[in-house]
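Here is what each chain is made of, one letter per residue.
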Protein chains: 2
Amino acid sequence: MSGEENLLLIPGPIIVSERVRQAQAIQSLAHTSPEFIAIFQKVLIDLRKLFKSDDPKDQAIVVAGSGTLGWDITASNLVYPDEDVLVLSTGFFSDSFAECLKVYGGKVDVLSAEPGDVVPFDKIEQQLSKKSYKVITITHVDTSTAVVSDVGKISQLVKKVSPETLIVVDGVCSVGVEDIQFSNWGLDYVLSASQKAIGVPSGLSIGFLSQRAIKKAENRPVQSTFFASLKKWLPIMNNYEQGKPSYFATPAIQTVNALKASLEEILDSGFSLDSRFAKHAETSTKFKKNLTSIGLKLVPVNEQVSANGLTAVYFPPGVKGGDLLPLIYKKGVVLAGGIHKDLKDKYFRIGHMGVSAIDDSRGDLDKAFKIIKESLTDLGYAP
Amino acid sequence: MSGEENLLLIPGPIIVSERVRQAQAIQSLAHTSPEFIAIFQKVLIDLRKLFKSDDPKDQAIVVAGSGTLGWDITASNLVYPDEDVLVLSTGFFSDSFAECLKVYGGKVDVLSAEPGDVVPFDKIEQQLSKKSYKVITITHVDTSTAVVSDVGKISQLVKKVSPETLIVVDGVCSVGVEDIQFSNWGLDYVLSASQKAIGVPSGLSIGFLSQRAIKKAENRPVQSTFFASLKKWLPIMNNYEQGKPSYFATPAIQTVNALKASLEEILDSGFSLDSRFAKHAETSTKFKKNLTSIGLKLVPVNEQVSANGLTAVYFPPGVKGGDLLPLIYKKGVVLAGGIHKDLKDKYFRIGHMGVSAIDDSRGDLDKAFKIIKESLTDLGYAP
């Protein structure tokens, strides 16, 4: 592949569209200029649509950072010290979220799924009945396992058993690819990042908050953070959305502009949000079928818990990841290794979000499948 | 100015060079790919040069965020709860740094300078003798007043009176324009951001740590942050600098690449770092002289405390900021208002960092002066 660009198919950062790439290349703007205010305003309004919110009292928030910062925002704003939090864990990222919550003084119980599966509803219901949890966290798609949790159904359960519990969703690997109905499901905070299905360069923490979450952050008795403080950021976001200049810390001007471009591609392309999700599902299903058709086994235990933005697949017997992934890389496709603690060296991951999943004319996933198959054959694997 | 690009001359974000703009526009890369590791490695090595460090045990750190995040990094890693911190305040940003330190449990004493001046050395010496401060913070250039503190001399003083005290420098508005001698001065943490004199789009917290600071962060008895945790980030930075893949939170790939380009322009252009500082000083002196030659008064009380990266200047009697700045903006130059609490509506600020200060052929500052003068005349001002 010398001289050519490698085909990037990891579960984020993802390939960005040409329009987004150009939007990332604008010259600097003053963060309080009319030009930038108009950009940020459009972003904050469009995020309401992306999250399917119909309550004007909800608020989007975009801060220079990464998905991880959303965990700190949760832990330092929405969980008061010594409050009980229930973490549903479907892998590495759920567990790291739990670690972050503990740092800020949350009393965390983790309900862990079997690797490749989700936490069973009855276990969640049972646990919610045991303690009065102030917050529950759901990792919508754990990027380590490619397992998707049914956020809609879990939220229904929470509303039934423990309606006071704030529902926080880690949507880093789901926003833009899996359906999220913020208002219908009664969510309180969905945290995400720019570099996955939202289709923007890395560098932004993107979130969406309910009025209930906002109130809780505003009434927090002690402040535990400065940079991640919602008390600081909410008035800023509100001002930008109203078209007014505002300052707490300098936003990532160019990346916010790239986010505007991507949201416009997602929302205003004549292709509805639901068609976008459907197209991702179609691409994902086809790709997964291709892999299983040559005898490979997926990490998620069934189709229902299989995420649409990425695929996690076991190395077949006799094939070592240390041989396979470098070979695939040499042939021009960049994939990711495994990071689940129990399965670490046993599987690998392919991302299919954004242009690679949506634009069939690119042929990205077909190429990836061809090269995976070819490389397996090179290594002596026969299905 | 319809159809044309406005001339951005605020004290950050600044105009970036064409090469940096292109570097910001690269397609996404995997954060653990050899390509990106090579980019990040070069950045971390070059930052040693920018900070004039000769101790390999020092460590640069680059995290998606902003300058403000550097305050949280200080407060949540280098100051243990209930430790005494001395903040030297030369304006709004120093005071905000103090506020951040308190959030994380630092016991903060603020020594405030008169507006437009620095804190006198004898007061600093006196205060250092009163208490055993674990950390002192110096805002090298407070962007609110354009006042530069003599970090070299203050550090000497600290070494003499209280050698155990960690020296933390807010270099957001100084790194890349004012001389910083990390090793010679015995500094412990200099925090900065990408969008000022480093000449990169906003979106990065950039810092440099001494071994003493690193030890203190590593030995911290309680963790107070996750996203800003040096315990988490230091091994990552170390790995990247060694050319090894590493992950804690996704770096801002494109902006790190822009940083690489800018550092190469700064360090490898045949123009030494000291000549860069000298050129900034020359541009600054000429611009300030132009302003005072038409009877304007600068906020810094004398030349010695005047920063080279920006100018803060009072509106002349009879001229309102609400009239002047919009008029200048209409004529195509973007300047900034005042933000010092005592002087808020009395002055305005012009940034002159990076290409605008260095590349005479652009004529940015001459144009700005011409338009300021013209606009003042339009408003009836006669020197």
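With an unreviewed UniProt entry as reference, chain A is termed alanine--glyoxylate transaminase, source organism Wickerhamomyces anomalus. Turning to chain A, the UniProt annotation filed under Sequence similarities (unreviewed entry) states: "Belongs to the class-V pyridoxal-phosphate-dependent aminotransferase family." What UniProt records for chain A under Cofactor (unreviewed entry) is the sentence "pyridoxal 5'-phosphate".

Visitor: Give a description of the UniProt feature "modified residue: N6-(pyridoxal phosphate)lysine" (unreviewed entry) in chain A that names residues and reports values.
Guide: Residue and element names in this part refer to chain A. Per the UniProt record, "modified residue: N6-(pyridoxal phosphate)lysine" (unreviewed entry) is annotated on Lys196. With respect to the element layout, lysine 196 can be found in the loop between β9 (189-193) and β10 (204-209). Not counting chain neighbours up to four residues away, the residues in contact with lysine 196 comprise Pro11, Gly12, Ile14, Thr143, Val172, Cys173 and Met353.

Visitor: A description of the confidence of the model for chain A should follow, citing residues and the corresponding values.
Guide: Within chain A, residue pLDDT values average 96, and 99% of them lie at 70 or more. Overall fold confidence for the complex sits at a pTM of 0.98, while the interface term, ipTM, reaches 0.97.

Visitor: Any chance you could break down the sheet that holds strand β4 (residues 107-112) of chain B for me, citing the residues and the numbers?
Guide: All names here are of chain B. In space, the 7 strands of this open sheet follow the order β2-β10-β9-β8-β5-β3-β4, with mixed pairing throughout. Strands at the two margins of the open sheet, each flanked by one partner only, are β2 (59-64) and β4. Across the sheet, the mean angle separating the axes of adjacent strands is 20° when strand polarity is ignored. Direction of pairing for strand β8 (residues 166-170) relative to strand β9 (residues 189-193): parallel, over a ladder of 3 bridges. Counterpart to valine 168 in the pairing with β9 is tyrosine 189. Running over the sheet, helix α3 (residues 67-78) touches β2, β5 (135-139), β8, β9 and β10 (204-209) and is turned about 155° from β9. Those strands touched by helix α5 (residues 121-130) are β3 (84-89), β4 and β5, and its axis lies near 160° from that of β4.

Visitor: I'd like a description of the interface of chain A and chain B, backed by residues and values.
Guide: The interface is formed by 55 residues belonging to chain A together with 55 residues belonging to chain B. Buried surface at the junction of chain A and chain B, both sides included, amounts to about 4100 Å², of which 59% is carbon and sulfur. The largest share of the area that chain A buries against chain B comes from Gln27, Phe226 and Phe227 of chain A, three residues that together contribute 17% of it. Taken together, the links from chain A to chain B amount to 2 salt bridges. Measuring nitrogen to oxygen at the nearest pair gives 2.6 Å for the salt bridge that ties lysine 232 of chain A to glutamate 99 of chain B. Applying the counting criterion to the chain A and chain B interface returns 24 residue pairs in polar contact (both at pLDDT 80 or more). Among the elements that make up the side of chain A that touches chain B, the one with the highest residue count is helix α4 (residues 92-103) of chain A (6 residues). Residue composition of the side of chain A that touches chain B, grouped by class: 30 nonpolar, 19 polar and 6 charged.

Visitor: Explain the relation of the copies chain A and chain B residue by residue, including any values.
Guide: The two copies are related by a screw motion: chain A maps onto chain B through a turn of 180° and a shift of 0.0 Å along the axis, at an RMSD of 0.0 Å. Both chain copies can therefore be described as sitting about a two-fold axis. Mapped onto chain B, 100% of the interface residues of chain A again fall at the interface, so both copies present the same surface.

Visitor: Got a sec to walk through the environment of serine 229 of chain B? Specific residues and values, please.
Guide: Examined against the element boundaries, serine 229 of chain B turns out to sit in the loop between α8 (211-218) and α9 (230-241). Taking the C-alpha atoms as reference points, serine 229 of chain B and serine 89 of chain B, 140 residues apart in sequence, are found 25 Å from one another.

Visitor: Could you give an account of the pairing of strand β11 (residues 310-314) of chain B, naming the residues involved and the relevant values?
Guide: Residue and element names in this part refer to chain B. The buried fraction of β11 amounts to 5 of the 5 residues, a majority that puts the element mostly inside the structure. The pairing of β11 with strand β14 (residues 347-351) spans 5 bridges and is classified as antiparallel. Of the residues in β14, the one forming a bridge with alanine 312 is arginine 349.

Visitor: Describe the domain arrangement of chain A, listing the residues and the values that go with them.
Guide: All names here are of chain A. Taken domain by domain, chain A consists of domain 1 (7-14 + 270-379) and domain 2 (18-268). Domain 1 and domain 2 are separated by 26 Å when their C-alpha centres are compared. Each partner contributes to the interface: domain 1 provides 31 residues, whereas domain 2 provides 30 residues. In terms of surface lost to domain 2, no three residues of domain 1 exceed Leu273, Phe277 and Val305, which account for 22% of the buried area on that side.

Visitor: Please set out the packing of aromatic side chains residue by residue, giving values where relevant.
Guide: Residues and elements named next belong to chain A. Going through the model one piece at a time under the given rule, you end up with 26 aromatic pairs over all chains. With a centroid separation of 5.0 Å and 85° between ring planes, the pair formed by tryptophan 233 and phenylalanine 248 is classed as edge-to-face. With tryptophan 233 in helix α9 (residues 230-241) and phenylalanine 248 in the loop between α9 and α10 (253-267), this pair connects stretches of sequence that are 15 residues apart. Here phenylalanine 248 falls in the buried class, since its relative accessible area comes to 11%.

Conventions adopted
Residues numbered from 1 in each chain as written. Chains lettered and ligands numbered in written order. Predicted model: local features only at pLDDT ≥ 70, side-chain atom pairs only at ≥ 80, totals over all residues. Heavy atoms only, no water. UniProt positions renumbered as here; feature names shortened; annotations may be inferred. Helix = DSSP H or I, 4+ residues; strand = E, 2+ residues; numbered from the N terminus. Contact = heavy atoms within 4.5 Å. pLDDT = per-residue confidence, 0-100. Pairing = 2+ DSSP bridges. Axes fitted to C-alpha atoms, helices over the stretch in contact; angles between N-to-C directions. Buried area = accessible area lost by both parts, 1.4 Å probe. Salt bridge = Lys/Arg side-chain N within 4 Å of Asp/Glu carboxyl O. Polar contact = N/O pair within 3.5 Å; in protein donor to acceptor, adjacent residues only side chain to side chain. Nonpolar A, V, L, I, M, F, W, Y, C, P; charged D, E, K, R; others polar. Least-squares fit on C-alpha atoms with pLDDT ≥ 70 in both. Buried < 20%, exposed > 50% of the residue type's maximum accessible area, 1.4 Å probe, protein only. Domains from an automatic or database assignment. Phe/Tyr/Trp six-rings, centres within 6.5 Å; stacked < 30°, edge-to-face > 60°.

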